[in-house]
Amino acid sequence: MQFTSLVFVLFFSVFFAVYWWILGKNLKAQNVFLLLGSYVFYAYWDWRLLILLIGSSAIIYFLGLKISRSENSEKKLWLNLGLIFSVGTLLYFKYFNFFIQSFTDLFGIKNNLTLNIILPLGISFYTFRMISYLLDIKNTKLKAETDALAFFNYIAFFPSMTSGPIDKGGLLLPQLKKERVFTLENGSDAARQILLGAFKKLVVSNAIFPVTESIFQGYEHLSGSTIAFGAILFLFQMYADFSGYSDMAIGFAKLLGFKTTKNFAFPLFAQNIADYWRKWHISLTSWLTEYVFTPLVITFRDYDKKGLMLAVFLNFVIIGFWHGANWTFIVYGCLQGLYYVPLVVNNQINKKKKLSKTIPTFKELGNIIYTMALVCFALVLFVAPSLKDAFGMYGKIFSLSLFSVPQFIKIKILGLIGIVVLIDWINKDQEHGLEISRFKPIVRRAFYIFLVFMIMYFGIFGNAKFIYQQF
């Protein structure tokens, strides 16, 4: 059930009406209805996977209580059981065939062990929620939730179920137990975010998709400059797609009275690769920073900068592997880790640079172009179906064919990208991507009407699938 589909529009319209107009003064009834709605939303993809979601939620709920009520070694036992279950489930459904295939290829064994495993929708996202919940209880950052209804809602919360953001229990659980009130201010803010998200996805991302698909699927017959241009286009496609989903997810959650995790902070203007990862997929990077990177830094603290480099590298290997069961993603993570080496050596990994208020300076623009060039170079690994294809694309890019003129430039697509960049630049100091309160009301309304017109006239509704839905 895609956010941009007619089915979801009908589903959410009915859900919203019942949620506020019929159940608005009854918190428990709202939460029961929210859980039912989340399960209907999930079961629409495959009802069999709903059994896994409910069963996993029940096990983690039970283990959370056991961790909270146990002492020392027993607490550690329950935590380890929870981590083994959560990670083991993720590894089985997402990576089992990858491990088997890699092992048999390595030793030249004939492979008859691969299974026909259905990948549960959003398993990477809700598994990380479960893991952080258990770790936060163990570290006394969070009390074990005794309200089963609230906890099951936290795991299955449908606005951020399929592609995040990855909300922590400390943010979402208290909101599930507090009376929620709908206000026109929140409603209008949510509508603006949904409008911007729909524009990014339906107009920008979906317009770029057929171009990048044709480039990467037929790269053998194209020039290196065309492939390089395709990587640049894919950066904007993925940003429009994923940040568009996040805008809509945050907007739909806000329409239901919830504040969820911010997932993007205008990464297209990042000044270096560390700045980029602070601004891109924030809920994932902050999750890994807290639960993986920081413990690794502490473990390797005696090795000074070498220890920090190793912690960064391992963190990005996990980021790459999280994205998918393919060696391309692992190498993608390794490359991102290598990008950090100069920053670590020069003590710049934690330095934050604020952009100019009006237009970027030449130095800032140079930093942006250089950072985005690194990002686009790595994205070849992101889109390639195999390492062989990735190296084939890189070979083309660095060949003499780099100097031929790309045949895929379209003024419409460049114009749409320009609109996204302009919107982000205007709003770069704001909380979200469409807060243009500094402009006069007539200008704001004209801009909203413009976005609606663009969606209605240029929106491509056939390609509704979101890129990060596969993760």
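Computed from a prediction, not measured in an experiment: that's the story for all the values here.

A.B. asks: Any chance you could explain the pattern of salt bridges here in plain terms?
C.D. replies: Note on pairing: side chains with opposite charge can pair once their charged atoms come close. Here the structure, examined in full by the defined rule, presents 10 salt bridges. A salt bridge links Lys-254 to Asp-189, with the nearest nitrogen and oxygen atoms 2.4 Å apart. Here Lys-254 is found in helix α9 (residues 224–255), whereas its partner Asp-189 is found in helix α8 (residues 184–217), with 65 residues between them in sequence. For the pair shown, Lys-254 and Asp-189 are each scored as buried. Each of Lys-141, Lys-168 and Glu-290 takes part in a single network of salt bridges with overlapping partners.

A.B. asks: Can you help me understand the packing of helix α13 (residues 327–339) against helix α15 (residues 362–383) in this one?
C.D. replies: How two helices sit against one another is set out by the angle between their axes and by the gap between those axes. Two elements in contact, α13 and α15, have axes whose closest approach is 8 Å; the angle formed by their N-to-C orientations is 160 degrees. With respect to α15, the element α13 is oriented roughly antiparallel. In the crossing of α13 with α15, the sense of the turn from one axis to the other is right-handed. For the pair formed by α13 and α15, the contact residues are Thr-328, Phe-329, Val-331, Tyr-332, Leu-335, Gln-336 and Tyr-339 on the first element and Leu-374, Phe-377, Ala-378, Leu-379, Leu-381 and Phe-382 on the second. In the contact of α13 with α15, the residues fall into 11 nonpolar, 2 polar and no charged.

A.B. asks: Just checking my understanding: could you explain the nonpolar core for this structure?
C.D. replies: Across soluble globular proteins, you tend to see nonpolar side chains buried next to one another. One finds Tyr-133 and Phe-199 to be the most contacted residues of the largest nonpolar core, which totals 152 residues. Taken together, domain 1 (27–180) and domain 2 (185–271 + 353–469) each give at least three residues to this core, which thus spans both. In this structure Phe-199 touches Val-204, Ile-419, Val-420, Ile-423, Leu-451, Met-454 and Ile-455, once residues within four positions along its chain are discounted.

A.B. asks: Sorry, what's going on with unusual backbone geometry here?
C.D. replies: Backbone geometry follows two general trends: most residues other than glycine have a negative phi, and most peptide bonds adopt the trans configuration. The amide bond that connects Gly-164 to the next residue, Pro-165, takes the cis arrangement and shows omega of 5 degrees. With respect to the element layout, Pro-165 can be found in the loop between α6 (148–156) and α7 (169–176).

A.B. asks: I keep staring at the packing of helix α5 (residues 123–138) against α6 and nothing clicks. Help me out?
C.D. replies: Closest axis-to-axis distance for the α5/α6 pair is 9 Å, and the angle between their directions is 135 degrees. Comparing their axes, α6 and α5 come out oblique. Within the contact between the two elements, α5 uses Tyr-126, Arg-129, Met-130, Ser-132 and Tyr-133 and α6 uses Phe-151, Tyr-154 and Ile-155. Residues of the contact of α5 with α6, tallied by class, amount to 6 nonpolar, 1 polar and 1 charged.

A.B. asks: Help me understand α8 in this model?
C.D. replies: Because an α-helix packs 3.6 residues into every turn, residues spaced three or four apart end up facing the same way. Taking 1.5 Å of rise per residue, 34 residues should cover 50 Å, and α8 covers 47 Å from first to last C-alpha, within 8% of that figure. Where α8 bends most, at Ser-205, the angle is about 35 degrees.

A.B. asks: What should I look at first to understand the environment of Ile-22 in this one?
C.D. replies: Tracing the backbone through its elements, the reader meets Ile-22 in helix α1 (residues 6–22). Assessed through its relative accessible area of 62%, Ile-22 is described here as exposed. Separated by 297 residues in sequence, Ile-22 and Ile-319 place their C-alpha atoms 43 Å apart.

A.B. asks: Explain the packing of aromatic side chains to me, please; I cannot follow it from the model alone.
C.D. replies: Think of a pair of aromatic rings as described by two things: how far the centres are apart, and how the planes are tilted against each other in angle. Counted under the stated rule, the structure contains 60 aromatic pairs. Centre to centre, the rings of Tyr-61 and Phe-151 are 5.7 Å apart; their planes meet at 45 degrees, and the pair counts as tilted. With Tyr-61 in helix α3 (residues 47–69) and Phe-151 in helix α6, this residue pair connects regions lying 90 residues apart in the sequence. By the burial criterion, Tyr-61 is buried, and Phe-151 matches it. For the pair Tyr-457 and Phe-458, a centre-to-centre distance of 4.7 Å together with 90 degrees between the ring planes defines the contact as edge-to-face. When its relative accessible area of 28% is taken as the criterion, Phe-458 is described as partly exposed. Against the face of Phe-466 rests Lys-201, its NZ or CZ located 4.9 Å from the ring centre.

A.B. asks: Before we go on, may I ask you to explain the domain arrangement of the chain in this structure?
C.D. replies: Many descriptions give the size of an interface as the accessible area lost when the pieces come together. Taken domain by domain, the chain holds domain 1 (27–180) and domain 2 (185–271 + 353–469). Of the residues lining the interface, 18 residues belong to domain 1; the matching set on domain 2 comes to 15 residues. Together, the buried faces of domain 1 and domain 2 total about 1,400 Å²; carbon and sulfur atoms form 64% of this surface. For the domain 1 face of the interface with domain 2, the top three residues by lost area are Pro-159, Ser-163 and Pro-165, together amounting to 36%. The interface formed by domain 1 and domain 2 contains 4 residue pairs in polar contact (both at pLDDT 80 or more). Of all the elements, α7 adds the most residues to the side of domain 1 that touches domain 2, at 4 residues.

A.B. asks: How should I be thinking about the environment of Phe-3 in this particular structure?
C.D. replies: You can see Phe-3 is positioned in the segment before α1. Look at Phe-3 and you get buried, because its relative accessible area is 4%. Considering only alpha carbons, one finds Phe-3 and Phe-151, 148 residues apart in sequence, at a separation of 24 Å. Residues within four places of Phe-3 in sequence aside, it is in contact with Phe-8, Phe-41, Phe-158, Pro-159, Tyr-245, Met-248, Ala-249, Phe-252 and Phe-466.

What counts and what doesn't
Residues numbered from 1 in each chain as written. Predicted model: local features only at pLDDT ≥ 70, side-chain atom pairs only at ≥ 80, totals over all residues. Heavy atoms only, no water. Salt bridge = Lys/Arg side-chain N within 4 Å of Asp/Glu carboxyl O. Helix = DSSP H or I, 4+ residues; strand = E, 2+ residues; numbered from the N terminus. Buried < 20%, exposed > 50% of the residue type's maximum accessible area, 1.4 Å probe, protein only. Axes fitted to C-alpha atoms, helices over the stretch in contact; angles between N-to-C directions. Parallel < 35°, antiparallel > 145°, perpendicular 65-115°, else oblique. Left-handed = near helix turned anticlockwise from the far one by under 90°. Contact = heavy atoms within 4.5 Å. Nonpolar A, V, L, I, M, F, W, Y, C, P; charged D, E, K, R; others polar. Core = buried A, V, L, I, M, F, W, Y, C linked by side-chain atoms within 4.5 Å. Domains from an automatic or database assignment. Expected span 1.5 Å × (residues − 1). Bend = angle between axes of the 7 residues up to and from the residue. Phe/Tyr/Trp six-rings, centres within 6.5 Å; stacked < 30°, edge-to-face > 60°. Lys NZ or Arg CZ within 6 Å of the ring centre and 35° of its normal. Buried area = accessible area lost by both parts, 1.4 Å probe. Polar contact = N/O pair within 3.5 Å; in protein donor to acceptor, adjacent residues only side chain to side chain.

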